[in-house]
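Reading the structure
Below, each chain spelled out in residue letters.
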Amino acid sequence: MEAPAAPQNPVETRLTITSPEQMRELGRRLAKLLRAGDLVMLSGELGAGKTTLTRGLGEGLGVRGAVTSPTFVIARVHPSLGDGPPLVHVDAYRLGGGLEEMEDLDLDVSLPDSVIVVEWGEGKVEELTEDRLQVVIHRAVGDTTDEVRHVTLTGVGRRWADAGLETLTA
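Computed from a predicted model, the values in this text were never measured in an experiment. Each chain has its residues counted from 1, following the order in which its sequence is written. Reporting of local features is limited, given that this is a predicted model, to residues whose pLDDT is at least 70; pairs of side-chain atoms are given and counted only at 80 or more, and all residues count toward the totals for whole chains, interfaces and linings. Where side-chain values are given, they derive from all heavy atoms of the structure, hydrogens and water being excluded.

Observations concerning the overall build of the chain
What counts, and what does not: What counts as a helix is a DSSP run of H or I of at least four residues, what counts as a strand is a run of E of at least two, and both are numbered from the N terminus. Whether a residue is buried, partly exposed or exposed follows from its accessible area with a 1.4 Å probe, protein chains only, as a fraction of its type maximum: under 20%, in between, or over 50%, in that order. A contact between two residues is defined here by any heavy atoms of the two lying within 4.5 Å. Residue-level accessible areas treat just the shown protein chains as cover; the underlying method is Shrake-Rupley with a 1.4 Å probe.
Scanning the chain from N- to C-terminus turns up four helices and seven strands. Ordered by position in the sequence, the α and β elements of the chain form the string β-α-β-α-β-β-α-α-β-β-β. Classification of the 170 residues of the chain by burial places 44% in the buried group. Sequence-distant contacts, at least 24 apart, represent 66% of the contacts inside the chain between residues at least 6 apart. Surface exposure of the chain reaches about 8,800 Å², of which carbon and sulfur atoms provide 50%.

Observations concerning the pattern of salt bridges
Between side chains of opposite charge, a pair can form when the charged atoms approach closely. So the rule is basically this: Take a side-chain nitrogen of Lys or Arg and a carboxyl oxygen of Asp or Glu: if they are within 4 Å of each other, that pair is a salt bridge.
In the structure shown here, the tally under the stated rule is six salt bridges. Among the salt bridges present, the one from Arg28 reaches Glu25, with a minimum N-O distance of 2.9 Å. Linking Arg28 with Glu25, this pair stays in helix 1 (residues 20-31), spanning three residues, or about one helical turn. You can call Glu25 partly exposed: its relative accessible area is 30%. A salt bridge links Arg159 to Asp38, with the nearest nitrogen and oxygen atoms 2.8 Å apart. Of this pair, Arg159 sits in the segment after strand 7 (149-156) while Asp38 sits in the loop between helix 1 and strand 2 (39-44), placing them 121 residues apart in sequence.

What about the pairing of strand 5 (residues 115-119)?
Where we set the bar: When DSSP locates at least two bridges between a pair of strands, those strands are taken to pair.
The buried fraction of strand 5 is high, at five of five residues. On strand 5, burial covers both faces: Val115, Val117 and Glu119 on one face and Ile116 and Val118 on the other are all buried. Strand direction decides the pairing type here: strand 2 and strand 5, joined by four bridges, are parallel. Residue pairing for strand 5: Val40 is matched across the bridge by Val117.

Points about helix 1
Each full turn of the α-helix corresponds to 3.6 residues, which orients residues three or four apart in the same direction. In plain terms, the rule: Here a helix's expected span is defined as the number of its residues, less one, multiplied by 1.5 Å. Along the arc lie the directions from the helix axis toward the C-beta atoms.
The terminal C-alpha atoms of helix 1 lie 17 Å apart, and with twelve residues this matches the ideal 16 Å at 1.5 Å per residue to within 8%. The set of residues buried in helix 1 consists of Met23, Leu26, Gly27, Leu30 and Ala31. Mapping the buried residues of helix 1 onto a view down its axis gives an arc of 135 degrees, with all of them on the same face. Lining the buried residues of helix 1 we find strand 1 (11-17), helix 2 (50-61), strand 6 (132-139) and strand 7.

Observations regarding the side chain of Lys50
What counts, and what does not: In this count, Lys and Arg are taken as positive residues and Asp and Glu as negative ones, while His and the chain termini are left out. Nitrogen and oxygen atoms within 3.5 Å of one another constitute a polar contact, given that in protein one can donate a hydrogen and the other can accept it, and given that sequence-neighbouring residues count only through two side-chain atoms.
Tracing the backbone through its elements, the reader meets Lys50 in helix 2. Among buried charged residues, Lys50 stands out as having no salt bridge; its nearest opposite-charge side chain is Glu119, 4.8 Å away. One polar contact links the side chain of Lys50 to the main-chain carbonyl oxygen of Gly44, over a distance of 3.0 Å. Polar side-chain contacts of Lys50 include one of 3.0 Å to the backbone oxygen of Glu45.

A short note on the pairing of strand 6
Looking at chain direction, strand 2 and strand 6 are connected through five bridges and run parallel. By the bridge assignment for strand 6, Met41 is matched with Gln134. Summarising the sheet, strand 6 and strand 7 pair through eight bridges and their orientation is antiparallel. Across the sheet, residue Leu133 finds its bridge partner in strand 7, namely Gly155.

Next comes the structure, spelled out in structure tokens:
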């Protein structure tokens, strides 16, 4: 029996975003690289732009329904309007536990056929798959009107080795 190959080294891309519209456009461009089975984990301070990025993903994937923060319902499914995958948008902010608490959402069942985006998912959903895209959004904190965001996209696993994340900086 052949031993499983070691996972690929993470692939990282960094961007500077200067407006909410640019964040949304990043989501639309990133959507072109996504396919069914992809897990995208978003992290960043409150107001960093996680939901704005996800709105762009929804537009780029061509899904039904307005993408809004699912804070009070925890998860929303946006079916595709075409032949693409549905978008499952999860807000894990209020969930304290790990994957066990997430099991009620049946993300493992949805993952093969959907693009799953999880806000605040660190330490909670990594066990779903070896392949995931981690998106960290940094912004100035405190009393500021600064719109600048520094976005780091890290592709973990074989899926992201040649996925084209570097094209997002062009």
